Structures are given as structure tokens and as C-alpha cells.
Amino acid sequence: MTIMPIVVTGATGHLGRLTVEALLRRGTPATDIIATGRDIARIKDLADRGVTVRRADFADGDGLAEAFAGADRLLLISASVPVGERFANHRRVIDAAASAGVSLVVYTSTTHADTATTVIGATHGETERYLRDRGIPNVLLRNGWYLENYLGQLPQILRDGTVVGAAGEGRISAASRADYAEAAAVVLSTEGHSGAVYELGGDESFTLAELATAISAAAGRKVSYADLPVNDLAQALAAAGLPAELAEVLADADRGMSRGEMYTDSGHLRGLIGRPPVTLAQTLAAALKG
């Protein structure tokens, strides 16, 4: 079966861009890829390489249908908007995909979205249910936490000598954006995935205390873990400059981690990409190199 054009939403963001690059690397012709985003000037280089580039704003349902015209498969990367607006954005994308005649929607969800108790998990679960109710063939890529989520904190962690969180002894199956993108590219460009639910995460899970130990080993200096109550973590994040709503969402994510909601031992990521996912130690070594 020949796969017709593949739409990648959010191609102006990290995961979307990496997915386009993975599709190209895997041999998908540039002319069979439609890269979309709000600010297409950011992906002009993809157009220069033969990729079709179209503007797509999740808030503009009519414009989405035009952006998706002629596509066979679509990757819906969850919207990077305030949590309260996320489902409405996803619903518009799904409706537009249906109107455009897309035959398969691949959605980047989160681990255990059907049972997750976090605010983030609830929006993903709602999107999954809507996608199912619309009757569009789909694949759920339940991506775990990104290893990169911790890299931006490294300077402060090393300065303070402390990883601060509220995840207790909860284990986290994090993986790199590049590995999640590779998995998405595999699903988009090969057959046999429709209806699948993939719980994706790294092979080597860790607690935040183990994260602190790994940073200590990589950086050659002592780093410890301070486990806070969820409300205290939210206040600390807000005091560090994060918007209050985002601080509460991130603290709530740690609460979910403490309940095992970011842990999976499915092996699905390794199975899709055909190799072991990049590890925490490898990621930290690369980030601290030089």
C-alpha cells in the first residue's frame, strides 16, 4: 500500500521538527511530507528541501481543513497552549482531519492517559476519547516525560546542588525527544499500527533521587534530591519565575509521577525504533560535555 502525504502538525516545534527530519532520514520523499505550524518562516529551510509547508493554527478550524487537504496520515502533536485550552485545540484538529478525509490520525498522548489523575493526563484522556468517538482510525503514542525537561534545569541544579520535586519514590520512564520523534516517524511511514496504543518511555527508569545521583556522577559534584509537598513545589516554581498556572501543572505532574503515572516497562519505544532508547546518563554526558 502506498502512503500518500503525511501531515506533521507543530513542525515549528521541537518534536514536530525532529519527526520531519526522521521521516526524511527514513526515506520518505520530501514531496510526501506536509509540515505545518503557525509561523512557517521558521521552517522555510524545509520548504527549500522540497517539503510542503503550510500554515496551520489550531485555533482556526477552517484554516486547518485547508492545511490538511490531500493528506493521508496526520501526526497530531499535543498543543503547547495553556492546559485549559488544549482539548478545544485538539478537537478542532481532529474535526479538520475528518473533513479533509485523513485516513489515520497519530496522536502524541501521555503515559497511561486512560487512568492518569493529573491535569495534563486528563486533557490527553479527553482527546483520546474524542478521537475514538469520531471513529477515525488512529494510533496513540503515549509519550512519557522528556529527558530534555531536566536539561534546562541543570544550571540551577548544579548551582544549588539540589534537585527539587514532589515525585517521592515514583519511577519515571523518560526518553529523548529524538527517540519519540523516531517512533512517530516509524508509525507514520509503515503499516500495521492502526488501533495500536503504545506506552512509550526509556528502558531505564529512575526516581528523582536517582536523577540527582546521575547528575552528581556526570558533573563530578554532589547533588541531592529535596522532596517537597506538591503545594510547596508549586510555590517554589512560581517563586523561581514560572507563571502560577504552569507551576501548579508541573507540580501536579510530579504528584502523578509519585503514583507511577510516568512509568512504563512496555518496551514499546525500543520495539518501534529498533534499538535501545538514549539513556539518562548519555543525555547528561552530552549536555555537560565541554
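This one's a predicted model, so the numbers in the text were calculated from it and none came from an experiment.

### Thoughts on the overall build of the chain
Then, in step 1: When you go through the chain residue by residue, the secondary structure sums to 13 helices and 9 strands.
Then, in step 2: Against the globule reference of 19 Å for 290 residues, the chain gives a C-alpha radius of gyration of 19 Å, in line with a compact fold.
Then, in step 3: Projected onto its principal axes, the C-alpha coordinates of the chain cover approximately 55 × 35 × 35 Å.
Then, in step 4: Among the 290 residues that make up the chain, the fraction classed as buried is 49%.
Then, in step 5: Contacts spanning at least 24 positions in sequence make up 77% of the contacts within the chain whose residues lie at least 6 apart.
Then, in step 6: Just so you have it, the chain exposes about 12,700 Å², and 50% of that area is on carbon and sulfur atoms.
Then, in step 7: Side-chain charges in the chain split into 27 positive and 34 negative, and the spacing between the mean points of these groups amounts to 4 Å.

### Concerning the nonpolar core
Then, in step 1: Judged by nonpolar contacts, the single largest core of 35 residues is most densely connected at V8, V106, V139, L141, Y198 and L200.
Then, in step 2: Broken down by element, this core gets its largest block of residues, 8 residues, from helix α8 (residues 177–189).
Then, in step 3: Ignoring anything within four residues of it in the chain, the contact list for V106 reads L74, L75, L76, V139, L141, V187 and L188.
Then, in step 4: In this structure, I157, A212, V249 and A253 belong to the second largest nonpolar core, which totals 25 residues.

### What to know about the sheet that holds strand β4 (residues 73–77)
Backbone-to-backbone hydrogen bonds join strands into a sheet, with any given pair of strands oriented parallel or antiparallel.
Then, in step 1: What the 7 strands build is an open sheet, ordered β3-β2-β1-β4-β5-β6-β8; its pairing is parallel. Edge positions in the sheet fall to β3 (52–55) and β8 (197–200), since each of these pairs with one other strand and no more. Ignoring which end each strand starts from, the neighbouring axes of this sheet average 20 degrees apart.
Then, in step 2: Two strands pair when backbone bridges link them, and strand β2 (residues 33–37) and β3 are joined in this way by 4 bridges, in the parallel orientation. Bridging from a neighbouring strand, I34 pairs with T52 of β3.

### So, the environment of G61
Then, in step 1: Relative to the helices and strands, G61 is located in helix α3 (residues 61–67).
Then, in step 2: Overall, the relative accessible area of 27% leaves G61 in the partly exposed class.
Then, in step 3: Counting along the chain gives 34 residues from G61 to D95, while the straight-line C-alpha distance between them is 7.9 Å.
Then, in step 4: Setting aside its immediate chain neighbours within four residues, G61 contacts R92 and A96.

### Focus: the pattern of salt bridges
Then, in step 1: In the structure shown here, the tally under the stated rule is 18 salt bridges.
Then, in step 2: Two residues, R55 and D57, come together in a salt bridge whose shortest N-O distance is 3.9 Å.
Then, in step 3: Judged by its relative accessible area of 48%, R55 falls in the partly exposed class.
Then, in step 4: Put simply, R159 and D160 hold a salt bridge, and the shortest N to O gap is 3.7 Å.

### A closer look at the packing of aromatic side chains
Then, in step 1: Scanning all chains against the criterion turns up 3 aromatic pairs.
Then, in step 2: For the pair F87 and Y130, a centre-to-centre distance of 5.8 Å together with 85 degrees between the ring planes defines the contact as edge-to-face. Remark: Y130 occurs in helix α5 (residues 119–134) and F87 occurs in helix α4 (residues 83–99); sequence separation between them is 43 residues.
Then, in step 3: Assessed through its relative accessible area of 15%, F87 is described here as buried.
Then, in step 4: The interplanar angle of 55 degrees and the centroid separation of 5.6 Å between the aromatic rings of Y146 and Y180 together place this pair among those described as tilted.

### A look at unusual backbone geometry
Then, in step 1: The backbone of H112 sits at a positive phi, close to 55 degrees, despite the residue not being glycine.
Then, in step 2: One can find H112 in the loop between β5 (104–110) and α5.
Then, in step 3: Since its relative accessible area comes to 22%, H112 is described here as partly exposed.

### Section: α4
Then, in step 1: Taking 1.5 Å as the rise per residue, α4 with 17 residues should run 24 Å; its terminal C-alpha atoms sit 25 Å apart, in good agreement.
Then, in step 2: Along α4, the residues that are buried comprise V83, R86, F87, N89, H90, V93, I94, A96 and A97.
Then, in step 3: Contacts made by the buried residues of α4 are with α3, β4, β5, α5 and α11 (244–258).
Then, in step 4: Just downstream of α4, G101 is the residue with a positive phi angle, here 80 degrees.

### As for the environment of N143
Then, in step 1: With respect to the helices and strands, N143 occurs in strand β6 (residues 138–143).
Then, in step 2: Classification of N143 by relative accessible area gives buried; the value is 5%.
Then, in step 3: Considered as a pair, N143 and L24 are 119 residues apart in the sequence and their alpha carbons are 21 Å apart.
Then, in step 4: Beyond its immediate sequence surroundings of up to four residues, N143 is in contact with L15, T108, S109, T110, T111, Y180 and L200.

Cut-offs used in this document
- Residues numbered from 1 in each chain as written.
- Predicted model: local features only at pLDDT ≥ 70, side-chain atom pairs only at ≥ 80, totals over all residues.
- Heavy atoms only, no water.
- Helix = DSSP H or I, 4+ residues; strand = E, 2+ residues; numbered from the N terminus.
- Rg over C-alpha atoms; globule rule 2.2 N^0.38 Å.
- Buried < 20%, exposed > 50% of the residue type's maximum accessible area, 1.4 Å probe, protein only.
- Contact = heavy atoms within 4.5 Å.
- Areas by Shrake-Rupley, 256 points an atom, 1.4 Å probe, with all protein chains shown as cover.
- Lys, Arg positive; Asp, Glu negative; His and termini not counted.
- Charge placed at Lys NZ, Arg CZ, Asp CG, Glu CD.
- Core = buried A, V, L, I, M, F, W, Y, C linked by side-chain atoms within 4.5 Å.
- Pairing = 2+ DSSP bridges.
- Axes fitted to C-alpha atoms, helices over the stretch in contact; angles between N-to-C directions.
- Salt bridge = Lys/Arg side-chain N within 4 Å of Asp/Glu carboxyl O.
- Phe/Tyr/Trp six-rings, centres within 6.5 Å; stacked < 30°, edge-to-face > 60°.
- Expected span 1.5 Å × (residues − 1).

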